[in-house]
Amino acid sequence: MKNILFLICILASLTNLSSQADIRGTVIDKNNENLISATVVLLSEADSTMVSFSLTNEKGEFAIKRVKEGDYLLQITYLGYDQFTDKVIVRKEDAVLELGAIILKQASTNIEEVIIEGERTPILVKDDTLEYNADAFKTQPNDVVEDLLKRLPGVEVESDGSIKAQGEDVQKVLVDGKKFFGDDPKIATRNLPADAVEKVQIYDKQSDMAEFSGVDDGEREKTINLELKEDRKKGNFGSLTAGYGTDDRYLGNLSFNRFNNKMQFSAIGNFNNTNQQGFSVNDYVSFMGGMGGFMGGGRGGMNIPISNGLSNGFVTTNAGGLNFNYDFSDKTDLSVSYFLNDIENEVDQLTIRENFLAEGSYITDNNSDQISNSTGHRFNLELNHEIDSSQDLRLRTGLSINNGDLASGSLSRIFDEIENVENEVDNIYNSNGEKTNPSGSLLYRKKFGQISKSTLTLRAAINSTDNLTDADLNSDITDYPNDPILKMTEQIVQQQLQNDDQLSYSFNGSFVRPIWENKFIEFKYNRQNYNEEILRDVYDDINNDLILNDNLSSHYTRDYVYDRLAVALHMNSEVTQLTVEGALQNSAMDGDVISRDILIENDVFRFLPRVSFRHELGQSHNIRLRYNTSVNDPSLTQLQPVFDNTDPQNIYIGNPDLVPEYRHNLRLHYINYDQFSFRSIFAFLSASYTKNDITNQTIKEQGTQIRQSINVDYNLSLNGSFTYATPIRSLGIKTNIRTRLGYGNGPIFLNDLETMRNSYNGNVRLLIENRNKSTIDWNLGGSWGYNINNYADNENAGQEYFNQSLFADFTYNIKNSISFETRISVDFYSEEAFGEEQIIPIWTASISKFILANQRGEIKFSVFDILNQNLGISRTSTLNYIENSEILSLGQYFMLSFTYALKPMGGTGSKSGNSRRR
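Q: Explain the overall build of the protein to me, using residue names and the numbers behind them.
A: Summing up its helical and strand segments, the protein has seven helices and 49 strands in all. A total of 918 residues make up the protein; the buried ones form 51% of that total. Long-range pairs, those at least 24 residues apart, make up 66% of the contacts in the protein between residues at least 6 apart in sequence. When the accessible area of the protein is evaluated, it comes to approximately 41900 Å², of which 52% is carbon and sulfur surface.

Structure representation (structure tokens):
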């Protein structure tokens with residue numbers, strides 16, 4: 001830590017060797033009236049990047065402190081007045097530079113177009129939208145949008161590409177207000193060039209009903225809109241990258257975009273064997289995870305490492321797609337996309353788990369290797385049509401098709417407390433499957449009258465899934481009694497077939513009517529229907545004859561229907577929004593285990609309240625509170641009383657006596673962001689209390705553990721996060737500190753003994769970076785985390801472990817012609833509970849030479865994992881076990897690549913957005 005602080009001081013001092021001065025002035029109008037809260041921005045004259053900014057006080061005064069010697073542009077804006085721009089020179093001998101009174105001219109109603117070159121206002125707040133000017137945040141010539149987002153204050157990009165803005169998960173990324181390859185945010189952020197973006201707009205997207213009616217119902221979806229530069233909205237842009245390296249490593253990326261006033265056409269491609277995906281892998285994980293064990297109960301079979309997307313193991317990706325948006329008229333627009341992904345994943349994994357019992361514990365270790373192949377197709381279509389000024393229609397359809405195969409082998413052993421082997425299983429499991437999932441919805445919205453301003457919203461949706469899987473299981477099971485000579489061996493050879501058909505439909509209706517000024521009443525009705533049928537046939541291979549195993553085979557159907565009637569009161573003002581809702585829900589579930597002649601019925605009637613509150617304390621300064629309740633029914637897998645022996649050491653059986661969970665959720669969110677000082681506070685606290693919580697009970701027998709879902713009285717979880725970011729201008733740096741805390745409490749079972757479990761986890765992350773990034777760009781930081789589990793009736797089963805990581809990035813640009821980049825991250829895994837400390841350093845570096853006009857070409861030489869230490873490590877502490885997994889992963893390789901960027905003529909792209917028109 002001392003070394004890190006010493007390095008910070010050196011880097012900071014290198015950027016602050018010159019003298020500094022304060023710039024002061026007063027902003028008034030022609031009548032000598034003070035203009036309060038006028039925006040004052042200081043820009044570097046050389047490259048127009050923002051240096052600092054201020055806000056005028058109640059006397060119209062502003063002060064920009066600690067400005068280095070140099071030439072600058074001063075920009076002052078105020079609503080209703082012409083923008084003021086003037087050159088400012090700070091000399092070495094200046095301590096305070098007094099500019100005196102600056103008079104702003106009132107804007108005329110008919111202003112000729114004025115083009116002001118090279119000016120960038122960094123951040124604006126427009127109602128509830130935070131708008132970043134992309135050109136105020138320096139990126140490299142061939143960076144993608146994800147690299148730009150990493151530089152925006154208040155935005156966090158995780159290693160797997162997921163995005164948080166103002167402390168919340170970003171669920172959608174739009175391009176000029178339109179969808180880009182459906183609802184996958186990563187396709188836009190990892191495939192569009194950063195220099196094509198003029199503005200990044202972050203806001204809470206309201207529900208379809210609220211957008212149409214203008215009545216805020218409290219339903220929000222964190223959304224990013226990428227507003228492109230004018231020269232990209234009418235023309236072609238994109239890039240092509242090809243690279244080849246040692247150990248036959250290769251990569252290829254394609255991004256081509258052709259936009260005009262009516263059309264957006266995009267084509268992307270992603271081909272590599274370097275564990276990179278330019279898209280979300282949720283569909284892949286869901287599909288392949290289902291193939292690893294039909295019922296999802298067994299621990300064996302599939303174990304996909306997805307902690308960082310698909311960064312562990314060895315992954316080959318071939319993916320591509322087309323996106324087409326077209327405006328037929330002002331009233332009708334169409335959005336169509338198709339995406340194909342083909343993924344091969346090879347995993348060699350060692351997992352050690354300590355399982356806790358009421359008295360003592362036992363160890364399992366599993367050494368496995370697997371190869372999976374999956375091909376997925378995803379098609380989306382959305383058609384929006386405005387019938388007239390009072391009504392519109394929205395049609396949305398989707399189709400996903402997946403097929404793949406999995407081959408895995410594993411050797412798993414169970415040890416007792418004195419490390420004697422109790423049981424050993426040599427398991428070979430192969431499966432292949434197909435999954436088809438069509439869906440569609442139709443939304444109709446209608447306004448009534450100019451006076452009543454009532455609105456009607458109707459939505460119908462349907463979703464179908466057909467999942468067919470065929471698997472072969474070959475297991476040699478050896479039990480070791482107290483006398484090793486008396487060991488017993490059993491062989492299982494099976495063919496397992498399963499067909500899972502699901503059909504669901506829903507109908508939603510909403511009618512909103514004003515009852516007083518800014519007060520509205522809403523009546524809602526929702527009907528949801530789920531139908532599912534599973535047919536599972538397991539055949540034992542006995543002397544090459546397939547014999548149906550009745551104990552493992554099953555035929556099961558489930559019908560689940562609920563009707564919900566709700567009344568909500570909405571009270572909205574300019575600064576406050578409040579929604580109070582009460583709903584009555586009646587749900588009915590009818591299950592039929594046809595193969596066992598067992599009927600399962602469960603009817604539940606619940607009152608479901610909901611409250612949403614939002615209050616604006618100022619610009620980008622608000623507090624939000626959300627409370628809701630829900631009923632969560634057990635899944636078909638959890639209900640079906642049939643054994644799943646995919647992993648013979650870990651057998652799962654469903655429980656037909658399960659009852660639905662009743663959950664209360666509370667979330668409090670606080671945001672305070674100053675767009676002029678860049679200081680921000682994002683904090684949230686969430687609490688969840690679940691009655692009749694569904695959890696797993698594990699019973700250990702000789703060489704086997706049997707798991708079954710059961711209801712416990714309750715489960716409580718609390719989670720909180722606090723993030724503070726601020727620049728320290730005297731040191732020329734920016735800092736960001738984030739802390740997360742979690743607590744869980746509830747009953748669990750250690751073997752057949754019920755006990756109380758308390759869990760604690762937390763993480764602190766510190767990031768420090770320089771502010772002036774014109775030539776040198778650096779950042780460094782670290783994170784510290786802990787996990788603790790305590791059990792009331794077994795103190796010896798308590799678990800705790802700590803993780804740490806340090807990281808540093810450094811980029812050096814030489815005359816916009818050569819760029820050197822390097823990054824190092826070191827992960828520390830403590831020895832507590834795992835018996836061995838591990839340190840994993842990953843160091844990468846690259847050097848780029850930009851060629852051709854406007855830096856269109858880039859020749860890049862890069863090295864991954866210079867120290868050849870990469871190893872995928874995952875640690876889990878939950879319920880009644882603690883687990884450590886190690887995955888052999890992609891190691892050191894060298895690569896030479898070439899990128900050609902398709903940009904508008906006459907500019908680099910990064911300059912084309914510098915002109916502002918008004």
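So much for the structure itself; the text now carries on.
Q: An account of the pattern of salt bridges is needed here, citing residue identities and associated values.
A: All told, the structure shown has 33 salt bridges when counted by the stated rule. Close ionic contact of Asp184 with Arg378 constitutes a salt bridge, the shortest N to O distance being 3.9 Å. You can see Asp184 sitting in the loop between strand 15 (178–179) and helix 3 (185–191) and its partner Arg378 sitting in strand 23 (residues 361–388), a full 194 residues away along the chain. On the basis of relative accessible area, Arg378 is assigned to the buried category, the value being 17%. Across the pair Arg232 and Asp195 runs a salt bridge, and its minimum N-O distance is 3.5 Å.

Q: Got a sec to walk through the nonpolar core? Specific residues and values, please.
A: In this structure, Tyr132, Leu149, Val200 and Ile224 are the most contacted members of the largest nonpolar core, which totals 58 residues. It is helix 6 (residues 282–291) that provides the largest number of residues to this core, a total of four residues. Among the nonpolar cores identified, the runner-up in size contains 19 residues, and Ala21, Val27, Phe62 and Val88 belong to it.

Q: Explain the confidence of the model for the protein to me, using residue names and the numbers behind them.
A: Residues of the protein with pLDDT of at least 70 account for 89%, and the chain-wide mean is 84. Scored below 50 in pLDDT, residues 1–18 makes 19 contacts in the model with residues more than four places away or belonging to other chains. Per-residue pLDDT stays below 50 along residues 109–119; that stretch engages in 29 contacts with residues further than four places along the chain or on separate chains.

Q: Run through the sheet that holds strand 12 (residues 163–165), naming residues and quoting values.
A: Spatially, the three strands line up as an open sheet ordered 11-12-13, and their pairing is antiparallel. On the outer flanks of this sheet lie strand 11 (155–157) and strand 13 (168–169), each paired with one strand and no other. Across two bridges, strand 12 lies against strand 13 in antiparallel orientation. The residue bridging Lys164 from the neighbouring strand is Asp169, located in strand 13.

Q: Can you lay out the side chain of Thr690 for me, pointing to particular residues and giving the numbers?
A: Here Thr690 lies in strand 37 (residues 680–701). We classify Thr690 as buried; its relative accessible area is 2%. With sequence-adjacent residues up to four places away left out, Thr690 is seen in contact with Glu661, Tyr662, Arg663, Asp713, Tyr714 and Asn715.

Q: Tell me about the environment of Gly509, and name the residues and values.
A: With respect to the secondary-structure elements, Gly509 resides in strand 27 (residues 488–516). Among the residues examined, Gly509 registers a relative accessible area of 15% and is labelled buried. When the C-alpha atoms of Gly509 and Leu565 are compared, they prove to be 9.8 Å apart, with 56 residues separating the residues in sequence. Among all residues touching Gly509, those that are not within four sequence positions of it are Thr457, Leu458, Phe523, Lys524 and Tyr525.

Q: Residue-level account of the sheet that holds strand 7 (residues 96–103), with values.
A: Within the open sheet, the three strands sit side by side as 4-1-7. Their pairing is mixed. With one partner strand each, in any of the chains shown, strand 4 (61–68) and strand 7 form the two edges of the open sheet. Adjacent strand axes in the sheet meet at a mean angle of 20 degrees, parallel and antiparallel pairs treated alike. As paired strands, strand 1 (residues 20–28) and strand 4 are joined by six bridges and run antiparallel to one another. When the bridges of strand 4 are listed, Gly25 appears paired with Phe62.

Q: Tell me about the pairing of strand 39 (residues 733–750), and name the residues and values.
A: When you tally the buried positions in strand 39, you get 13 out of 18 residues, the bulk of the element. Of the pairings in the sheet, the one linking strand 38 (residues 704–728) to strand 39 comprises 13 bridges and is antiparallel in character. Following the sheet pairing, Tyr724 is matched in strand 39 by Ile737. The hairpin formed by strand 38 and strand 39 contains four residues between the paired strands, and Gly732 there has a positive phi angle of roughly 70 degrees. As judged from the 18 bridges shared by strand 39 and strand 40 (residues 753–770), these two strands associate in the antiparallel manner. Looking at the pairing, Ile737 lines up with Leu766 of strand 40. Hairpin geometry of strand 39 and strand 40 is characterised by an intervening segment of two residues between the two adjacent antiparallel strands and by a positive phi of about 60 degrees at Asn751.

Q: Account for the pairing of strand 33 (residues 621–632), naming residues and giving values.
A: Pairing of strand 32 (residues 598–618) with strand 33 involves eight bridges; the strand directions are antiparallel. Across the sheet, the residue bridging to Phe613 is Leu625, located in strand 33. Inspection of the sheet shows strand 33 paired to strand 36 (residues 661–673) by 12 bridges, in the antiparallel sense. In the strand pairing of strand 36, Thr629 is matched with His664.

Q: Provide a residue-level description of the environment of Ile728, including the pertinent values.
A: If you trace the backbone, Ile728 turns up in strand 38. A relative accessible area of 30% places Ile728 in the partly exposed class. For the pair Ile728 and Ile768, spaced 40 residues apart in the sequence, the C-alpha separation amounts to 10.0 Å. With residues near it in sequence (within four places) discarded, Ile728 still touches Ile733 and Thr735.

Q: Any chance you could break down unusual backbone geometry for me, citing the residues and the numbers?
A: Of note in the backbone geometry, Asn32 takes a positive phi value of approximately 65 degrees without being a glycine. By secondary structure assignment, the location of Asn32 is in the loop between strand 1 and strand 2 (39–44). Among the residues examined, Asn32 registers a relative accessible area of 55% and is labelled exposed. A positive phi angle, close to 65 degrees, is found at Asn275, a residue other than glycine. Following the sequence through the fold, Asn275 ends up in the loop between strand 20 (263–272) and helix 6.

Q: An account of a negative patch on the surface is requested, with residue identities and associated values reported.
A: On the surface, a cluster of negative charge is contributed by Asp342, Glu344, Glu346, Asp348 and Asp369. At four residues, strand 22 (residues 332–356) tops the list of elements feeding residues into the negative patch. Along the polypeptide, Asp369 turns up in strand 23.

Q: Lay out the environment of His664 in plain terms, naming residues and giving numbers.
A: Relative to the helices and strands, His664 is located in strand 36. Under the relative-accessibility criterion, His664 is labelled partly exposed at 24%. Residues His664 and Thr690, 26 residues apart in the sequence, show an inter-C-alpha distance of 6.3 Å. Not counting residues within four places of it along the chain, the set of residues in contact with His664 comprises Tyr627, Asn628, Thr629, Ala687, Ser688 and Tyr689. A distance of 2.9 Å separates the side chain of His664 from the side chain of Tyr627, its partner in a polar contact.

The rules behind the values
Residues numbered from 1 in each chain as written. Predicted model: local features only at pLDDT ≥ 70, side-chain atom pairs only at ≥ 80, totals over all residues. Heavy atoms only, no water. Helix = DSSP H or I, 4+ residues; strand = E, 2+ residues; numbered from the N terminus. Buried < 20%, exposed > 50% of the residue type's maximum accessible area, 1.4 Å probe, protein only. Contact = heavy atoms within 4.5 Å. Areas by Shrake-Rupley, 256 points an atom, 1.4 Å probe, with all protein chains shown as cover. Salt bridge = Lys/Arg side-chain N within 4 Å of Asp/Glu carboxyl O. Core = buried A, V, L, I, M, F, W, Y, C linked by side-chain atoms within 4.5 Å. pLDDT = per-residue confidence, 0-100. Pairing = 2+ DSSP bridges. Axes fitted to C-alpha atoms, helices over the stretch in contact; angles between N-to-C directions. Patch = residues over 30% accessible without salt bridge, like charges linked within 9 Å, V, L, I, M, F, W, Y side chains within 5 Å. Lys, Arg positive; Asp, Glu negative; His and termini not counted. Charge placed at Lys NZ, Arg CZ, Asp CG, Glu CD. Polar contact = N/O pair within 3.5 Å; in protein donor to acceptor, adjacent residues only side chain to side chain.

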